[in-house]
Amino acid sequence: MSVGYRAIGWNRQKKIYDRVLVGGVALYLLLFIGIGAALHPEATAETLLLRSFGSAAFLLLQLVLSIGPLCRLDPAFLPLLYNRRHLGVTLCLVAGVHAAIALVQFHFGGNVNALVSALSSNTRYDSIEQFPIEPLGIAALFILFLMAATSHDFWLAQLTPPVWKRLHMGVYVAYGLVVMHVVLGTLMAERHPVLGWLVGSGLVWVIGLHLAAAWRERRRDDPSALVVDWVDAGPWATIPEGRARIVCAGGERVAIFRHDEKLSAVSNVCRHQNGPLGEGRVIDGCITCPWHGYQYRPEDGASPPPFTEKVPTFALRVEGERVWVDPRPKAPGTRIEPIAIGSAAPSPPGEEFYVGYLPEPPPRLALRTARTVGGVLGLALVVSATLAAVQSRYGSGTFEFGTLRTFQGVIREQPHPTLAVPRPAAGIFGAQATASRYLLVAPWKSGAAPLVRGLDGQAVTLRGTLVHREGQTMIELKSGSVLPTNDEPRAPTPVVQLGTMTLSGEIVDSKCYLGVMKPGHFKPHRACATRCIAGGIPPLLVVRETDERIQTFLLVGPDGRPLGPEILDHIAEPVTVRGEVERHDDLLVLKLETLTASSATR
């Protein structure tokens with residue numbers, strides 16, 4: 001029989017499966033990005049990519065977890081199971097792209113290694129609301145990678161099926177981590193009810209499917225069959241030719257096959273991935289597993305050469321019209337002479353069977369599979385469009401990436417490096433605000449202090465990229481572009497004291513909030529803001545006076561110096577601060593005296 005065995009390779013069915021899978025993922029991403037860009041023109045490309053890949057990975061994970069129980073409830077879904085490992089590897093790749101974008105966007109260019117930053121930027125494990133989401137995502141991705149890397153049958157053989165199965169059950173741990181990652185991250189920043197409804201519905205769907213499949217499987221097992229005596233398996237004449245009846249004997253499921261007017265019994269558990277052999281068929285004289293097509297001879301439970309897999313066999317006896325099975329299994333590969341019986345009963349009408357290495361699926365099964373796949377794709381595209389549409393506003397800031405401008409003004413090193421640019425007329429602060437203060441930062445997540453050190457009060461020309469939002473302006477300096485002019489040093493404009501204030505708001509890093517990141521606030525941006533502020537980016541207190549009006553204050557210590565690590569644990573959460581407020585030209589500065597967590601809502 002081994003003459004007809006050969007490697008399956010990438011047959012036509014696998015190619016169709018993979019084309020549909022890759023095409024579906026591509027359509028999902030394109031639709032999410034397209035609708036997101038159309039409805040939110042202020043959105044940045046990296047944020048749209050981050051969200052599209054992240055949501056696609058979450059949906060793929062739910063699909064992976066749905067296929068198994070669906071197949072237990074209806075064998076018509078088995079074609080989706082046959083190449084599920086391709087789906088799992090695709091899930092890992094999509095999740096990996098999401099993680100890579102997040103790592104670069106939020107953690108690269110800081111004062112510590114990007115991966116170290118992802119694991120250490122937020123250590124609020126004592127708070128549900130502020131619980132760090134990055135370690136959850138990294139742990140889930142590690143599990144998915146481990147599963148994808150060991151998905152090939154080489155690892156199945158090396159690890160042995162029981163160990164391999166236990167390893168791949170880690171997908172449920174990964175799913176739990178991903179749900180927590182989404183609930184504690186996205187749902188705390190995005191308040192649209194549709195998002196919570198979609199996540200909750202997906203969770204209920206996955207749990208419900210597994211409970212339904214478990215209930216159906218439980219009903220198959222007869223607790224009274226734990227006895228060690230021979231078990232009545234029912235009338236042999238009702239077992240269709242080439243098929244099996246599954247009975248519980250001695251606490252184990254046994255598949256009793258009828259083939260060529262004979263009866264044989266083997267363990268119901270396939271050696272490959274614990275597939276249900278009793279739901280398969282006898283093809284070319286071999287029991288064929290419905291999951292992946294592994295085959296065993298009915299009389300001895302051994303795969304034909306050159307394959308070496310073996311399953312336990314069971315003794316049978318026939319008394320009148322009924323067949324009895326001995327619940328004590330024989331060693332795997334033990335030959336037991338099949339029991340001859342009468343003529344075959346016809347197979348139930350309309351029943352179809354397909355294994356992925358066969359040339360074509362049966363017509364009705366192919367049609368049903370196509371409809372199922374089409375429905376899944378349609379639902380995924382609807383979800384993609386919905387998620388893209390219900391996102392909250394990204395922010396009105398602007399980052400003129402790739403555009404260098406030349407500026408002239410006076411360097412002020414305290415309280416944070418700024419460029420004081422003379423104003424042609426009095427602005428909103430009256431005649432005393434004779435200059436505009438442009439916050440200065442370095443590229444990536446670094447402050448500009450080293451680039452302007454020793455130039456306080458010096459007139460300079462410099463080149464940089466403009467970042468601005470709601471009247472607040474920043475310049476990302478081009479390294480080496482700050483050049484002193486021959487003008488005389490200038491004294492600073494007198495500071496205006498505005499009194500002591502108590503304010504509630506959110507601490508953000510000024511660079512991302514003003515336009516480099518969108519959105520540059522709330523919990524999903526917390527780790528990035530931590531790295532930016534720790535690297536010298538000036539922190540801002542954002543106070544939302546109304547839905548439309550926002551006021552920002554540059555935060556400094558009570559002595560006017562830059563703040564240290566004391567505020568890092570309070571970034572991106574509601575806080576109440578108290579301190580003296582000053583006006584430096586058109587820049588509001590708050591000298592922080594007290595800072596407490598607040599119950600204020602966003």
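Structure: above.
Residues numbered from 1 in each chain as written. Predicted model: local features only at pLDDT ≥ 70, side-chain atom pairs only at ≥ 80, totals over all residues. Heavy atoms only, no water.

**Q** Any chance you could break down the overall build of the chain for me, citing the residues and the numbers?
**A** Looking only at helices and strands, the chain has 15 helices and 23 strands in total. Taken over the C-alpha trace, the chain has a radius of gyration of 33 Å; the compact-globule value for 602 residues is 25 Å, which it surpasses by more than 25%. A principal-axis box enclosing the C-alpha atoms of the chain has dimensions of 110 × 45 × 40 Å. Counting over 602 residues, the chain shows a buried share of 50%. Computing the positive centroid from 57 side-chain charges and the negative centroid from 51, the chain places the two 3 Å apart. (Helix = DSSP H or I, 4+ residues; strand = E, 2+ residues; numbered from the N terminus. Rg over C-alpha atoms; globule rule 2.2 N^0.38 Å. Buried < 20%, exposed > 50% of the residue type's maximum accessible area, 1.4 Å probe, protein only. Lys, Arg positive; Asp, Glu negative; His and termini not counted. Charge placed at Lys NZ, Arg CZ, Asp CG, Glu CD.)

**Q** Tell me about the sheet that holds strand 10 (residues 322-325), and name the residues and values.
**A** Read across the sheet, three strands follow the order 1-10-9 without closing on themselves; strand pairing throughout is antiparallel. Every interior strand has two partners, whereas the edge strands, strand 1 (231-235) and strand 9 (316-319), have only one. Within this sheet the neighbouring strands show an average axis-to-axis angle of 30°, counted without direction. Where strand 9 meets strand 10, four bridges bridge the pair, whose relative direction is antiparallel. (Pairing = 2+ DSSP bridges. Axes fitted to C-alpha atoms, helices over the stretch in contact; angles between N-to-C directions.)

**Q** So, the environment of Pro69: which residues are in play, and what are the values?
**A** Within the secondary structure, Pro69 sits in helix 2 (residues 45-73). Taking relative accessible area as the criterion, Pro69 reaches 5% and is therefore assigned buried. If sequence neighbours within four positions are ignored, Pro69 has contacts with Leu209, His210 and Ala213. (Contact = heavy atoms within 4.5 Å.)

**Q** Give me the lowdown on the nonpolar core, citing residues and values where you can.
**A** Membership of the largest hydrophobic core comes to 84 residues, with the highest contact counts inside it found for Leu61 and Leu277. Here the element with the most residues in this core is helix 2; it accounts for twelve residues. Membership of the second largest hydrophobic core comes to 20 residues, among which are Val543, Leu563, Ile567 and Leu595. (Core = buried A, V, L, I, M, F, W, Y, C linked by side-chain atoms within 4.5 Å.)

**Q** An account of helix 4 (residues 84-107) is needed here, citing residue identities and associated values.
**A** Given a rise of 1.5 Å per residue, 24 residues ought to cover 34 Å, and the 33 Å separating the end C-alpha atoms of helix 4 matches this to within 8%. Of the residues making up helix 4, those classed as buried are His86, Leu87, Thr90, Leu91, Cys92, Val94, Ala95, Ile101, Ala102, Gln105, Phe106 and His107. Lining the buried residues of helix 4 we find helix 1 (12-39), helix 2, helix 5 (114-120), helix 6 (134-149) and helix 15 (526-534). Taken from the residues just after helix 4, Gly109 is the one with a positive phi, measuring 85°. (Expected span 1.5 Å × (residues − 1).)

**Q** Pulling in residues and values, what's your account of helix 2?
**A** Over its 29 residues, helix 2 extends 42 Å from the first C-alpha to the last, a length consistent with the 42 Å expected when each residue adds 1.5 Å. At Ile67, helix 2 shows its maximal bend, which comes to roughly 25°, and the proline Pro69 appears one to four places after that position. Within helix 2, 22 of the 29 residues are buried, which leaves the element mostly enclosed by the surrounding structure. (Bend = angle between axes of the 7 residues up to and from the residue.)

**Q** Can you lay out the side chain of Arg243 for me, pointing to particular residues and giving the numbers?
**A** Here Arg243 shows up in the loop between strand 1 and strand 2 (244-249). With relative accessibility at 12%, the residue Arg243 sits in the buried group. Looking at Arg243, its side chain comes within polar contact range of the main-chain oxygen of Gly280, at 3.2 Å. (Polar contact = N/O pair within 3.5 Å; in protein donor to acceptor, adjacent residues only side chain to side chain.)

**Q** Outline a nonpolar patch on the surface, listing residues and values.
**A** On the surface, Ile16, Val20 and Leu377 cluster together into a nonpolar patch covering about 190 Å² of accessible area. For Ile16, the position within the fold is in helix 1. Judged by relative accessible area, Ile16 falls into the partly exposed class, the value being 34%. (Patch = residues over 30% accessible without salt bridge, like charges linked within 9 Å, V, L, I, M, F, W, Y side chains within 5 Å. Areas by Shrake-Rupley, 256 points an atom, 1.4 Å probe, with all protein chains shown as cover. Salt bridge = Lys/Arg side-chain N within 4 Å of Asp/Glu carboxyl O.)

**Q** If you had to explain unusual backbone geometry to someone new, which residues and values would you point to?
**A** Of the consecutive residues Gln414 and Pro415, the connecting peptide bond is found in the cis state with omega at 0°. Topologically, Pro415 is positioned in the loop between strand 13 (405-412) and strand 14 (418-422). With an omega of -5°, the peptide bond between Lys518 and Pro519 qualifies as cis. Considering the arrangement of structural elements, one finds Pro519 in the loop between helix 14 (510-516) and helix 15. With a phi close to 50°, Asp260 is a non-glycine residue in the positive phi region. Along the chain, Asp260 falls in the loop between strand 3 (252-259) and strand 4 (262-267). By relative accessible area, Asp260 is classed as exposed at 61%. Positive phi, close to 70°, is recorded for Phe522, a residue that is not glycine.

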